[in-house]
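# Observations on chain architecture
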Amino acid sequence: MEDTGRRLSGPHGHSAIRTPRREIRPRSRHLLAAALAAASLIVLPPGSATPSPSPDWLSPSSLAVTADGRTLYVGCATAASVAFFQTGSRSVSQSVSVPGAPLGLVLSPDQQTLYVAAAAPQSVLVLIDTRRAEITARIPVGHTAMSPVLSPDGRTLYLCHRFNDEIAFVDLPTQSISRRVQVPREPVSAALTPDGRLLFVANHLPAGPADADVVAASLSVIDTALGRVIRDLRLPNGSGLVRDVRVSPDGRHVVVVHQISRFHLPTTQVERGWINTSAATLVDVASLQPVNSFLLDNIDAGAANPWALAWSADGRSLAITHAGTHELSVLDVPSLLARLHSLPPAPDPSRNPDPARASRSAADVPNDLSFLVGLRQRLRLDPAHQGARALVLHGSRAWIANYFADSLTTLDLARPSAPPETIPLAQSPPPDPVRLGEQLFNDATLCFQGWQSCTSCHSSDARVDGFNWDLLNDGIGNPKNSKSLLLSHATPPAMALGVRADAYVAVRAGIRFSFFLTHPPQVAEAIDAYLKSLQPVPSPALLDGQLSPAAQRGRAVFLNPDVGCAHCHRGPYYTDLQFHDVGTAGPRDLPATRFDTPTLIEIWRTAPYLHDGRSASLKDMLTLHNPGDRHGVTSHLTPDQIDDLVEFLRSL
């Protein structure tokens with residue numbers, strides 16, 4: 001059968017032959033050389049501590065624009081400030097400091113109040129008077145507040161509490177939280193229908209075990225009048241690292257951007273989306289059913305790490321930033337809808353297939369790398385200004401925040417051939433090794449054809465994606481759950497079976513075998529510096545930074561020698577750095593497989609658990625998946641003692 005070269009090859013029988021590693025491409029070589037040259041201005045003495053990120057960097061990460069388009073509010077994450085950018089003069093007129101990283105901005109209907117989600121373990125919703133550039137109120141909210149959404153009447157603000165796994169309803173007249181609604185896992189974005197009736201919530205990661213046939217994140221639908229989730233729409237199998245969700249201006253459709261990980265395939269190659277693809281899912285609001293999911297990549301060019309969405313005011317265009325490849329996609333929505341609705345649910349055997357199309361039915365679309373041909377413009381942004389994340393549209397003009405460059409890029413979507421304009425927000429210093437390492441960790445141009453970055457399996461903060469991956473470093477056919485990279489350099493060896501002596505070796509092997517390109521050693525050295533700089537995030541289970549009474553009781557259970565948790569999980573990192581046969585080898589593992597003892601620091605956010613992700617929760621790990629009391633003698637514990645032990649672990 002002739003290969004048309006149009007359909008994603010991974011799930012359709014492409015040969016699982018390892019492809020040769022390429023040398024770095026000329027364009028990537030040029031960009032990398034410039035970045036490394038800048039970083040070389042800072043020299044660390046041997047054995048010195050890795051420097052902390054400089055407060056001089058802004059890291060623009062959220063945007064809001066006034067109705068007249070004259071002022072753009074820019075939330076700067078590492079500077080913990082909001083800049084007032086005047087679009088006419090292309091300059092910052094003033095800046096307001098806020099008590100946390102501003103991970104979401106929204107304007108009041110009268111444009112006189114800017115609501116800022118200042119994210120922290122104890123976040124604050126900040127109200128800024130836009131005329132005076134002064135803070136008028138601070139409302140305590142939850143852990144890592146993000147993506148504020150205002151009700152049509154301006155009385156209720158909906159807020160994602162990422163690490164509380166909840167949506168807060170903030171009553172603005174009383175400046176208090178009136179309701180909390182639980183959602184599956186790590187809500188990072190929310191969008192409201194124009195009538196204020198339905199709130200759509202993007203859950204960043206899958207919730208549940210990783211060894212299931214179907215593993216995917218979901219889109220939660222909250223009825224705001226009832227104050228509860230009325231539906232969880234599971235995205236296609238392999239969907240995760242969900243970033244943004246937006247409702248169309250007419251309220252008829254919702255779009256969410258995410259990644260589709262082909263986790264059921266061995267990572268033998270990267271071409272044609274074999275490992276990771278970038279996608280968007282369209283949902284019909286009336287039926288609360290997905291219309292379909294379509295890929296944002298091209299057959300020979302990945303569009304890694306889709307981040308932000310924006311609809312044009314007339315609903316005819318949809319723009320998407322690609323943070324990994326430093327691009328902007330602009331979709332023709334009427335044509336997209338027409339093409340999606342033209343496909344039957346299943347192939348019609350009575351009709352001859354259209355040779356110009358790979359998709360013969362709606363079921364083919366999520367695997368079709370050519371589906372958007374003729375439906376979207378893929379615009380390359382200035383590669384020197386990396387980290388295209390936040391996005392707003394005003395008229396035909398797009399504004400994009402470049403996280404790593406401390407700059408804004410603007411372009412007129414009505415004139416796509418015109419070069420983008422990039423405006424620095426400040427005179428930022430050159431990146432030190434930590435900042436450069438974070439940039440490289442998020443940079444998909446290091447990968448052959450831009451299919452993925454380090455963040456494609458570890459999220460943008462080097463933690464987890466919730467999937468099992470069949471890497472080739474320990475054989476084939478035995479997938480392992482993605483591990484957080486926090487403290488990875490301090491807790492050797494690396495990988496569940498310890499097949500890498502330490503994280504230094506693992507970083508270099510990861511670059512070689514995940515990017516399918518070779519790079520100079522400075523790339524790995526910078527990524528080492530970034531990973532070593534990571535600090536644990538305080539747990540949402542803590543009370544004012546301290547163990548709760550339940551966690552204190554759980555600590556006593558943990559330290560009880562008859563239970564034995566502290567025998568292997570000891571020391572400052574809660575690991576003895578040794579291998580143990582804990583009886584959890586599965587049917588795909590060797591019977592006597594011994595596993596590296598993982599750190600328990602920040603275990604509250606690294607579900608699912610065990611090497612194959614079979615345990616959806618810590619409680620499951622201690623009870624359902626503890627054969628013969630091999631990793632802690634827990635079978636004799638009462639249900640209350642188990643709950644207390646779980647609460648202690650959740651507090652680490």
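The structure this text deals with has already been given above.
Since the model is a prediction, treat every value here as computed from it, not as a measurement.

The rules behind each value
- Residues numbered from 1 in each chain as written.
- Predicted model: local features only at pLDDT ≥ 70, side-chain atom pairs only at ≥ 80, totals over all residues.
- Heavy atoms only, no water.
- Buried < 20%, exposed > 50% of the residue type's maximum accessible area, 1.4 Å probe, protein only.
- Helix = DSSP H or I, 4+ residues; strand = E, 2+ residues; numbered from the N terminus.
- Pairing = 2+ DSSP bridges.
- Contact = heavy atoms within 4.5 Å.
- Axes fitted to C-alpha atoms, helices over the stretch in contact; angles between N-to-C directions.
- Disulfide = S-S within 2.5 Å.
- Polar contact = N/O pair within 3.5 Å; in protein donor to acceptor, adjacent residues only side chain to side chain.
- Salt bridge = Lys/Arg side-chain N within 4 Å of Asp/Glu carboxyl O.

Our focus in this paragraph is the pairing of strand β8 (residues 124–129). β8 sits mainly inside the fold: six of its six residues count as buried. With burial as the criterion, each face of β8 is covered, one bearing Val124, Val126 and Ile128 and the other bearing Leu125, Leu127 and Asp129. For strand β7 (residues 113–119) and β8, the ladder comprises six bridges, and the chain directions are antiparallel. Bridge pairing links Thr113 to Asp129 in β8. From the end of β7 to the start of β8, which pair antiparallel, there are four residues.

What follows deals with the side chain of Thr156. Considering the arrangement of structural elements, one finds Thr156 in strand β11 (residues 156–161). With residues near it in sequence (within four places) discarded, Thr156 still touches Val149, Leu150, Ser151, Phe169, Val170 and Leu172.

Glancing now at the sheet that holds β11. Strand order across the open sheet formed by four strands is β10-β11-β12-β13, with antiparallel pairing between neighbours. The sheet terminates laterally at β10 (145–150) and β13 (176–182), the two strands that pair on one side only. Along the sheet, successive strands turn relative to each other by an average axial angle of 25°, direction set aside. Bridge count between strand β12 (residues 166–171) and β13: six bridges; the pairing is antiparallel. Note on β13: the bridge partner recorded for Ala168 is Arg180.

For the rest of this paragraph, the subject is the state of the cysteines. What the rule picks out here adds up to zero disulfides. There is no disulfide at Cys457, and the cysteine sulfur nearest it, in Cys454, is 9.0 Å away.

Further remarks concern the side chain of Ser62. With respect to the helices and strands, Ser62 occurs in strand β2 (residues 60–65). Overall, Ser62 belongs to the buried group, its relative accessible area being 6%. Within the local environment of Ser62, its side chain forms a polar contact with the backbone oxygen of Pro102, the two atoms lying 2.8 Å apart. Setting aside residues no more than four positions away along its own chain, Ser62 makes contact with Tyr73, Val74, Gly75, Pro102, Leu103, Gly104, Leu105 and Ala390.

Below, the discussion takes up unusual backbone geometry. A negative phi angle is the norm for most residues apart from glycine, just as the trans form is the norm for most peptide bonds. Between Pro492 and Pro493 the backbone carries a cis peptide bond, its omega angle lying at 0°. Position of Pro493 among the secondary structure elements: in the loop between β31 (480–481) and α5 (503–515). Here Ala607 and Pro608 are connected by a cis peptide whose omega angle stands at 0°. Here Pro608 shows up in the loop between β34 (595–596) and α9 (618–622). For Asn305, which is not glycine, the phi torsion reads 60° and is therefore positive. A positive phi is found at Gln449, a non-glycine position, where the angle reads about 60°.

One pass over the structure, following the stated rule, counts 22 salt bridges. In this structure, Arg90 and Glu421 form a salt bridge, with 3.0 Å as the shortest nitrogen-oxygen distance. Taken together, the residues Arg90 in the loop between β4 (81–86) and β5 (91–97) and Glu421 in strand β29 (residues 421–424) connect sequence positions 331 residues apart. Looking at Glu421, the relative accessible area reads 33%, which means it is partly exposed.

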